Amino acid sequence: MGINKKSNLTLVDDIGVLYLSDHKMIRAINNIAASEVKKLLASGLINELISRRLFPRTEISSIMMKDYALVLEHEKIDPVIYPFEWSPEMLRLATLCILQVNEVANKFGYELKDAHPYNVL
């Protein structure tokens, strides 16, 4: 699986960088954040979000990337429809999704830090 390019939407992520591949999204986690991300993955939060269809399937990758301690693979969601293309009802549903994700996150002791429409697909 070849990594094609860095995502144009990964501009200010302090955890890592998102790359596009042919069939998955590749998230390279920086060295400082790797242990916290592993803790998050082990908490059960991500699995619950996936089971509720609030988060794409995600797994630790076997891909190694220079300067990154951890690499994740996310299920690719197509087509991507950006917030400026959404109807008012789609915006309402995206807002409800963000609230549901945060409610589940709170149950596990976490809270969203970057909840905005461009982080919802």
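Residues numbered from 1 in each chain as written. Predicted model: local features only at pLDDT ≥ 70, side-chain atom pairs only at ≥ 80, totals over all residues. Heavy atoms only, no water.

Undergrad: I keep staring at the overall build of the chain and nothing clicks. Help me out?
TA: Of regular secondary structure, the chain possesses 3 helices and 5 strands. Along its sequence from the N terminus, the chain presents helices and strands in the succession β-β-β-α-α-β-β-α. Radius of gyration (C-alpha) of the chain: 15 Å, near the 14 Å computed for a compact globule of 121 residues. Across its three principal directions, the C-alpha atoms of the chain cover 40 × 30 × 25 Å. Counting every atom, the chain has about 8200 Å² of accessible surface; 56% of that belongs to carbon and sulfur. Once the 14 positive and 15 negative side-chain charges of the chain are each reduced to a mean point, those two points are 3 Å apart. (Helix = DSSP H or I, 4+ residues; strand = E, 2+ residues; numbered from the N terminus. Rg over C-alpha atoms; globule rule 2.2 N^0.38 Å. Areas by Shrake-Rupley, 256 points an atom, 1.4 Å probe, with all protein chains shown as cover. Lys, Arg positive; Asp, Glu negative; His and termini not counted. Charge placed at Lys NZ, Arg CZ, Asp CG, Glu CD.)

Undergrad: How should the packing of aromatic side chains be read in this particular structure?
TA: Describing an aromatic ring pair means giving the distance of the ring centres and the angle of the ring planes. Under the definition given, this model contains 2 aromatic pairs. With a centroid separation of 6.0 Å and 5° between ring planes, the pair formed by Y82 and F84 is classed as stacked. For the pair Y82 and Y118, a centre-to-centre distance of 6.2 Å together with 35° between the ring planes defines the contact as tilted. Residue Y82 is located in the loop between β5 (68–75) and α3 (88–107), and its partner Y118 is located in the segment after α3; the two are separated by 36 residues in the primary sequence. Residue class for Y82 comes out partly exposed when judged on its relative accessible area of 30%. Linked through ring pairs, Y82, F84 and Y118 together constitute an aromatic cluster. (Phe/Tyr/Trp six-rings, centres within 6.5 Å; stacked < 30°, edge-to-face > 60°. Buried < 20%, exposed > 50% of the residue type's maximum accessible area, 1.4 Å probe, protein only.)

Undergrad: Before we go on, may I ask you to explain the environment of E36 in this structure?
TA: Its location among the elements puts E36 in helix α1 (residues 34–42). Sequence-wise, E36 and L91 are 55 residues apart; in three dimensions their C-alpha atoms are separated by 31 Å.

Undergrad: Just to check I follow, could you spell out the nonpolar core for this structure?
TA: One broad rule of soluble globular proteins: the nonpolar side chains tend to lie buried together. With 15 residues, the main nonpolar core has I29, V37, L49, L70 and L72 as its most contacted residues. Mapped by element, the contributors of at least two residues to this core are α1, α2 (45–51), β5 and α3. Ranked by residues supplied to this core, first place goes to α3 with 4 residues. In this structure I29 touches I15, G16, A34, V37, Y68, A69, L70 and L72, once residues within four positions along its chain are discounted. By size, the runner-up hydrophobic cluster in this structure holds 7 residues, among which are V17, I26, A28 and M65. (Core = buried A, V, L, I, M, F, W, Y, C linked by side-chain atoms within 4.5 Å. Contact = heavy atoms within 4.5 Å.)

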